[in-house]
Amino acid sequence: PGASAPGPSGASGTSAASATGLLAAIADVGVDRVRGGYSRHGFDRAELALREWFVAESRARGLDVEVDRNGNLWAWWGKPGPNALITGSHLDSVPGGGAFDGPLGVVSALAAVDLLRARGFVPSRPFAVVVFAEEEGGRFGVPCLGSRLLAGTIDADTARRLRDPEGTTLADAMRKAGLAPERLGRDEESLSRIGCFVELHVEQGRGLIDLGRPVGVASSILAHGRWRFQFTGEGNHAGATPITDRHDPMLPASQLVLAARRAAAAAVGSRATIGRIVPVPGGTNVIASTVDCWLDARASDDATTRSLVTEIEAAARDAAAAEGCRLEVTEESYGDTVIFDPALRDELAGLLDDAPALPTGAGHDAGVLASQVPTAMLFVRNPTGVSHAPAEHAEPDDCEAGVAALAKVLEHLAGS
Ligand code: HGY
Ligand code: MN
Ligand code: MN
Ligand code: MN
């Protein structure tokens with residue numbers, strides 16, 4: 001079918017797809033046999049396979065796919081143009097993540113297009129489904145990398161030089177994927193076309209379970225960032241080095257973990273996590289020479305987040321000094337509190353039978369775009385309340401409720 005031709009058209013060309021059916025089609029991509037769950041990272045084999053799948057699904061629906069300067073995919077229903085209504089999410093995951101964080105928003109967007117077409121709906125404004133690159137920062141360390149680049153909230157040179165754990169730069173990974181990293185950076189052309197962005201996402205918490213509702217709307221996102229703590233000591237022999245002669249960077253690293261918990265527990269609603277520690281060289285019988293630790297810290301506002309990190313850093317510096325180690329702290333990413341457009345939020349909540357408004361501690365591309373364009377999010381109930389882990393879940397009926405809600409919202413925002 002042509003780009004503007006109405007009529008249902010799944011990838012099979014015959015019927016409207018369900019979100020669960022589309023998720024089932026990608027269930028084998030990026031399965032992590034070591035950690036469990038999925039490991040799908042920006043421009044790696046699994047994510048590239050998912051991007052290809054998205055392009056095929058979009059083309060089967062007569063959508064025209066563009067790749068922007070920053071590697072984000074846009075599937076246009078009709079002609080691209082200004083004041084466009086955009087919906088979508090991301091296809092990458094954290095290491096060992098769940099099946100829903102990201103992909104649910106993408107498959108729900110495709111299923112909503114099918115649903116709208118089956119009803120004979122034709123959007124009255126430009127309309128696209130978007131897939132943002134490297135939302136989790138699981139490979140290059142900076143979350144929402146594709147949307148940050150689009151919005152210009154990360155410097156293009158800094159981004160090009162980001163390295164994955166194997167030492168591959170973002171620039172090289174993009175080149176290998178057939179993209180031109182020279183063009184990275186704030187994309188005025190793509191940005192200026194967005195009239196409104198709506199991202200559907202699995203809920204990453206228990207709000208909707210407790211309220212007994214399948215779908216909610218987002219109200220806010222915590223301020224959050226990532227800091228790398230690099231402790232440097234003295235590499236040596238685990239058996240031959242007396243305890244009194246050691247400068248073991250694992251000692252202050254351990255104190256950092258405890259300090260993070262202590263500081264976050266003392267500031268209501270704050271979160272601080274050390275989820276990744278890399279001792280170098282990493283041998284059982286070797287005292288490490290350096291230890292890299294990554295702190296993820298989040299709080300209600302900028303000042304609280306900053307003071308949380310300052311307190312944790314002070315404790316880490318004391319612990320490093322006590323062991324005769326050095327400490328270098330680098331901020332790797334940061335985003336201030338996001339309050340989603342209250343008028344749009346209330347309008348959508350009203351449209352969805354007074355869907356509840358929920359704050360979230362998770363970051364999203366919608367959070368990055370919210371400073372640029374009117375932005376809203378829909379959340380779908382997660383019966384486990386767990387996310388960033390294989391237990392993350394959404395029941396098929398709730399996924400279809402999400403698609404129906406998204407279709408209703410899109411119809412409302414793109415109706416004549
Ligand atoms: O919240 C996060 O860690 C990421 O942006 N999804
Ligand atoms: Mn996530
Ligand atoms: Mn996500
Ligand atoms: Mn030896």
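The model shown is predicted, which means the values in this text are computed figures rather than measured ones. (Residues numbered from 1 in each chain as written. Chains lettered and ligands numbered in written order. Predicted model: local features only at pLDDT ≥ 70, side-chain atom pairs only at ≥ 80, totals over all residues.)

**Topic: helix α2 (residues 45-60)**
The criterion, for reference: To qualify as a helix, a DSSP run of H or I must reach at least 4 residues; to qualify as a strand, a run of E must reach at least 2; elements of each kind are numbered from the N terminus. Here, expected helix span is obtained from the residue count minus one, scaled by 1.5 Å. For the exposure call, what matters is how many other C-beta atoms sit within 10 Å of a residue's own: 20 or more marks it buried, 12 or fewer exposed, and in between partly exposed, using C-beta atoms placed from the backbone. Directions from the helix axis toward the C-beta atoms define the arc.
Here α2 is 16 residues long and its end C-alpha atoms lie 23 Å apart, about the 22 Å a rise of 1.5 Å per residue gives. Buried within α2 are the following residues: A46, E47, L50, R51, F54, E57 and S58. Buried positions in α2, seen along its axis, are confined to an arc of 135 degrees and lie on one side of it. When the buried face of α2 is taken as reference, the exposed residues oriented beyond 90 degrees from it are R45, E52 and A56.

**What to know about the site of ligand 1**
Worth spelling out the cut-off: Nearness rests on one distance test: the residue's C-beta atom, set from the backbone, must lie within 6 Å of the molecule or strand. Lys, Arg, Asp and Glu make up the charged group, whereas Ala, Val, Leu, Ile, Met, Phe, Trp, Tyr, Cys and Pro make up the nonpolar group; the residues left over, Gly among them, are polar.
If you check the shell around ligand 1, you find E135, E136, P143, C144, A362 and G363 and nothing else. Tallied by class, the residues present in the shell around ligand 1 amount to three nonpolar, one polar and two charged.

**Looking at helix α10 (residues 302-322)**
Operational definition: Each residue is represented by a C-beta atom placed from its backbone, and any two residues with such atoms within 7 Å are regarded as in contact.
Here α10 is 21 residues long and its end C-alpha atoms lie 30 Å apart, about the 30 Å a rise of 1.5 Å per residue gives. Among the residues of α10, those classed as buried are T305, L308, V309, I312, A316, A319 and A320. Angularly, the buried residues of α10 cover 105 degrees about the axis, an arc narrow enough to put them on a single face. Residues of α10 that are exposed and point over 90 degrees away from its buried face: A303, T310, A314, A321 and A322. Buried residues along α10 sit against β7 (223-232), α9 (250-266), β9 (271-280), β11 (290-299) and β12 (326-335). Count one or two residues on from α10 and you reach G324, which has phi positive near 70 degrees.

**Describing the packing of helix α3 (residues 103-118) against helix α13 (residues 396-414)**
The condition is simple: To obtain an axis, a line is fitted to C-alpha atoms, over the contacting stretch when the element is a helix, and the angle between two such axes runs from 0 to 180 degrees between their N-to-C directions. Should the near helix be turned anticlockwise from the far one by less than a right angle, the crossing is termed left-handed; should it be turned clockwise, right-handed.
Across the interface, α3 lies against α13 with an axial gap of 8 Å and an inter-helix angle of 60 degrees. The chirality of how α3 crosses α13 is right-handed. In contact with L104, S108, A109, A111, A112, L115 and L116 of α3, α13 contributes C399, G402, V403, L406, A407, L410 and E411.

**Quick word on the environment of R161**
Looking at where R161 falls in the secondary structure, it is placed in helix α5 (residues 156-161). The exposed category is assigned to R161, around which 12 C-beta atoms lie within 10 Å. Residues R161 and L308, 147 residues apart in the sequence, show an inter-C-alpha distance of 29 Å.

**As for the pairing of strand β5 (residues 194-202)**
For the record, the criterion: A pair of strands counts as paired when DSSP detects no fewer than two bridges linking them.
Here β5 lies mainly inside the structure; eight of its nine residues are buried. The pairing of β5 with strand β15 (residues 375-380) spans six bridges and is parallel. By the bridge assignment for β15, V198 is matched with A376.

**Comments concerning the domain arrangement of the protein**
Our working definition: As used throughout, domain bounds are those supplied by an automatic or database domain assignment.
Taken domain by domain, the protein holds domain 1 (19-222 + 337-414) and domain 2 (224-335). Once you take the C-alpha centre of each, domain 1 and domain 2 turn out to be 32 Å apart. If you look at the interface, domain 1 gives 10 residues, while domain 2 gives 11 residues. Tallied by class, the residues present in the side of domain 1 that touches domain 2 amount to four nonpolar, six polar and no charged.

**Quick word on the sheet that holds β12**
The strand order across the open sheet built from four strands is β9-β11-β7-β12, with neighbouring strands paired in antiparallel fashion. If you trace the sheet from one side to the other, it starts and ends with β9 and β12, each paired once. Taking each pair of neighbouring strands and ignoring which way they run, the sheet shows an average axis angle of 15 degrees. Two elements, β9 and β11, share nine bridges in a ladder whose sense is antiparallel. Bridged to V280 within β11 is T290. Running at roughly 155 degrees to β11, α10 makes contact with β7, β9, β11 and β12 of the sheet.

**Details of the UniProt feature "binding site: allantoate" (unreviewed entry) in the protein**
What counts is decided by this rule: UniProt positions are given in the numbering used here, feature names are shortened, and annotations may be inferred rather than shown by experiment.
Per the UniProt record, the feature "binding site: allantoate" (unreviewed entry) sits at R226, N285 and R298. In three dimensions, the annotated residues from a span of 73 residues occupy distinct locations, with a maximal C-alpha spread of 35.8 Å. Locating N285 in the fold gives a position in the loop between β9 and β10 (286-287). Setting aside residues no more than four positions away along its own chain, N285 makes contact with A238 and G239. Position of R298 among the secondary structure elements: in strand β11. Among residues more than four places away in sequence, those in contact with R298 are L222, A223, H224, S270, R271, T305 and G361.

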